[in-house]
Amino acid sequence: MCYRCPSARLFLAGCFMTAVMCNKENQRCSQRYHPDRQSADAPAEAVEECVRKFIEIDQAWKILGHEETKKEYDLLRLEDDLRNLGPVDAQVYLEEMTWNEDDHCFSLSCRCGGKYRVSKDEAEEVTLISCDTCSLIVELLPRS
């Protein structure tokens, strides 16, 4: 399933809750739209809509119900949000950034005086990094 698809965004949109809270919300929505729980008197269109929503919830839970795939989804969502903030100010390679042993991250000074920061793990997964004090964004280019 594509992490950027609407069904993944539909379920728990903006959910950064604990795993227990996400699980409870998934159960609540699954029960509400489960095909077996629909009234026999319901119009066919309503039942089809419930089945469609149930499938979307199930597909989204397959992403958000596992820590590793949820992390990837959250990073892609953050990247999409950054793209919507504004244009990319610069393109940099990881080698151009400075390793900070205290923070265990790479950093680069921004023209506003702030810093662009990214951990080793994030550097392998993200392409956009925002400044910690302004709205500027840099694109992290893959290693050549």
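Chains are numbered independently. Their residues run from 1 in the order of the written sequence. Only residues with pLDDT of at least 70 get local features here, since the model is predicted, and only at 80 or more are side-chain atom pairs given and counted; chain-wide, interface and lining totals rely on the full set of residues. Excluding hydrogens and water, the side-chain figures rest on all heavy atoms present in the structure.

(A) Here's a closer look at the pattern of salt bridges. Each salt bridge in this description consists of a side-chain nitrogen of Lys or Arg and a carboxyl oxygen of Asp or Glu lying within 4 Å of one another. For the structure on display, the rule yields 6 salt bridges. Ionic pairing is found between Lys 62 and Asp 58, a salt bridge with its closest N-O pair at 3.4 Å. Here Lys 62 pairs with Asp 58, and both are found in helix α3 (residues 44–64), just 4 residues apart, close to one helical turn. To sort residues, take the accessible area from a 1.4 Å probe on protein chains only and compare it with the maximum for the residue type: under 20% means buried, over 50% means exposed, and anything in between is partly exposed. Residue Lys 62 is classed as exposed on the basis of its relative accessible area, which comes to 53%. For the purposes of this entry, the term helix denotes a DSSP run of H or I that reaches at least four residues, the term strand denotes a run of E that reaches at least two, and both are numbered from the N terminus.

(B) View of the packing of aromatic side chains. Between 30 and 60 degrees the pair is tilted, below 30 it is stacked and above 60 it is edge-to-face, where a pair is any two Phe, Tyr or Trp rings, Trp via its six-membered ring, whose centres lie within 6.5 Å. Overall, the coordinates contain 1 aromatic pair when judged by the stated rule. With a centroid separation of 4.9 Å and 65 degrees between ring planes, the pair formed by Trp 99 and Phe 106 is classed as edge-to-face. Phe 106 sits in the buried class, given a relative accessible area of 12%. Cation placement over rings: the criterion is NZ of Lys or CZ of Arg within 6 Å of the ring centroid and within 35° of the ring normal. Sitting over the ring of Trp 99, Lys 120 keeps its end group 4.9 Å from the ring centre.

(C) Up close: the sheet that holds strand β6 (residues 137–141). Pairing is mixed across the open sheet formed by 3 strands, whose spatial order is β1-β6-β5. Looking at the sheet topology across the chains shown, the edges are occupied by β1 (88–93) and β5 (128–130). Averaged over all pairs of adjacent strands, the angle between their axes in this sheet comes to 30 degrees, without regard to strand direction. For two strands to pair, DSSP has to find at least two bridges joining them. Across 5 bridges, β1 lies against β6 in parallel orientation. Residue Val 92 lies in a different strand from β6, and its bridge partner there is Leu 140. The angle between two axes is taken between their N-to-C directions and runs from 0 to 180 degrees, where each axis is a line fitted to C-alpha atoms and a helix contributes only its stretch in contact.

(D) The arrangement of unusual backbone geometry in detail. A positive phi angle, close to 55 degrees, is found at His 104, a residue other than glycine. With respect to the helices and strands, His 104 occurs in the loop between β2 (98–100) and β3 (105–109). His 104 sits in the partly exposed class, given a relative accessible area of 47%.

These values are about where atoms sit, not about what they do.
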